[in-house]
Amino acid sequence: MLLALWKRRQDSFLSGFWLYALGLHVAMTLVFPFPGYRGGLFHSAAALVPWWAALGVVGLDDAIEWMAKRRRTWKPRTAKLVFSVGLVLLALVFSLSMARRTGTGTPALFRELEAVLPTDARVMINDPAALYYFTGLSGVVLPDEAPDIIPEIAQRFSVTHLLIEFSDTSQGRAYAVPTPLIFDLDSPPDFLQPIPLNVRNARLYAIAPD
């Protein structure tokens, strides 16, 4: 990728790409270091992935041409075919490996929510997009506020339930919840009514209407 970019560094078509890549890393390192290392850099760099992928393909040809000039026994056309097929096979192997590791089924949490919640439920949850993807239920994201704000949000956006996710570690309980929203899960506020959920490290509550 870098070889291909270097050989085409004067191509005006790529100027915006490498200027953005350079500026992004500088900005996320020096200007916005905290958002940068918390994911801002990787999310912003996602826009570069198609460019790097294309440069990787043409860079492979550049590398083979460079090597063929130094190894007389190499035939560039044959080498390009062999390495190109190998590149495609590697992509397939990595894709299948990730698919097996992550699985294609619905996670247990969302299967349980789908079984417990009514079809018109709207959930306040850490990841509303995943909730919709796996169950078709809509929702809103957890607020970065004290729990007292929950009824107001519920009324405004017709939210019916709250889901809190956490994990128990040797250092204590780690919440997938904004810090101001954390409360005692066993003694929730009066407007939250616990609902049995057969999932470890998650608690479901119905939000009582005003």
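For the structure, see preceding data.
Residues numbered from 1 in each chain as written. Predicted model: local features only at pLDDT ≥ 70, side-chain atom pairs only at ≥ 80, totals over all residues. Heavy atoms only, no water.

Participant: Would you mind showing me how to read the packing of aromatic side chains here?
Facilitator: The description of an aromatic ring pair rests on the distance of the ring centres and on the angle between the ring planes. Taken as a whole and assessed by the stated rule, the structure comprises 9 aromatic pairs. Between the aromatic rings of Phe13 and Trp51, the centroid separation amounts to 5.4 Å while the plane-to-plane angle is 40°, which identifies the pairing as tilted. Of the two residues, Phe13 is situated in the loop between α1 (2–7) and α2 (15–31) and Trp51 in helix α4 (residues 49–68); the sequence distance between them amounts to 38 residues. Exposure remark for Phe13: the relative accessible area of 60% places this residue in the exposed category. (Phe/Tyr/Trp six-rings, centres within 6.5 Å; stacked < 30°, edge-to-face > 60°. Helix = DSSP H or I, 4+ residues; strand = E, 2+ residues; numbered from the N terminus. Buried < 20%, exposed > 50% of the residue type's maximum accessible area, 1.4 Å probe, protein only.)

Participant: How should the environment of Phe183 be read in this particular structure?
Facilitator: Tracing the backbone shows Phe183 in the loop between β4 (172–175) and β5 (192–195). Residue Phe183 is classed as buried on the basis of its relative accessible area, which comes to 10%. Separated by 37 residues in the primary sequence, Phe183 and Ala146 have C-alpha atoms spaced 8.7 Å apart. Apart from the residues within four sequence positions on either side, Phe183 is in contact with Pro147, Leu162, Ile164, Tyr175, Pro188, Pro189, Leu192 and Tyr205. (Contact = heavy atoms within 4.5 Å.)

Participant: Sorry, what's going on with the packing of helix α6 (residues 108–116) against helix α7 (residues 128–135) here?
Facilitator: Helix packing for two helices is described by the angle between their axes and how far apart those axes are. Contact geometry of α6 with α7 gives a least axis separation of 10 Å together with a crossing angle of 70°. Between α6 and α7, the angle is such that the two are roughly perpendicular. Considering the relative orientation of α6 and α7, their crossing is right-handed. Only Ala130, Leu131, Phe134 and Thr135 of α7 make contact with α6, whose side of the interface consists of Phe110, Leu113 and Glu114. Here the residues of the contact of α6 with α7 sort into 5 nonpolar, 1 polar and 1 charged. (Axes fitted to C-alpha atoms, helices over the stretch in contact; angles between N-to-C directions. Parallel < 35°, antiparallel > 145°, perpendicular 65-115°, else oblique. Left-handed = near helix turned anticlockwise from the far one by under 90°. Nonpolar A, V, L, I, M, F, W, Y, C, P; charged D, E, K, R; others polar.)

Participant: Help me understand the pairing of β5, please; the structure alone is not making it clear to me.
Facilitator: Side chains on a regular strand alternate between the two faces of the sheet. Pairing geometry for β5 and strand β6 (residues 202–207), over 4 bridges, is antiparallel. Each residue of the ladder has a partner; that of Gln193, found in β6, is Ala206. The hairpin formed by β5 and β6 contains 6 residues between the paired strands, and Asn201 there has a positive phi angle of roughly 65°. (Pairing = 2+ DSSP bridges.)

Participant: Can you help me understand the side chain of Thr135 in this one?
Facilitator: Among the structural elements, Thr135 can be located in helix α7. Since its relative accessible area comes to 15%, Thr135 is described here as buried. A polar side-chain atom of Thr135 sits 2.5 Å from the main-chain carbonyl oxygen of Leu131. Among the polar contacts made by the side chain of Thr135, one reaches the main-chain amide nitrogen of Leu137 at a distance of 3.1 Å. With near-sequence residues (within four places) excluded, Thr135 lies in contact with Phe110 and Glu114. (Polar contact = N/O pair within 3.5 Å; in protein donor to acceptor, adjacent residues only side chain to side chain.)

Participant: Got a minute to help me understand the nonpolar core in this structure?
Facilitator: Generally speaking, soluble globular proteins have nonpolar side chains that are buried together. Judged by nonpolar contacts, the single largest core of 18 residues is most densely connected at Met124, Ile150, Leu162 and Leu192. Elements that contribute at least two residues to this core include exactly α8 (150–157), β3 (161–169) and β6. In contact with Leu162, other than residues within four places in its own chain, are Met124, Leu142, Ile150, Phe183, Leu192, Arg203, Leu204, Tyr205 and Ile207. In this structure, Phe110, Ala121, Leu163 and Leu197 belong to the second largest nonpolar core, which totals 15 residues. (Core = buried A, V, L, I, M, F, W, Y, C linked by side-chain atoms within 4.5 Å.)

In short, geometric facts, not functional conclusions.
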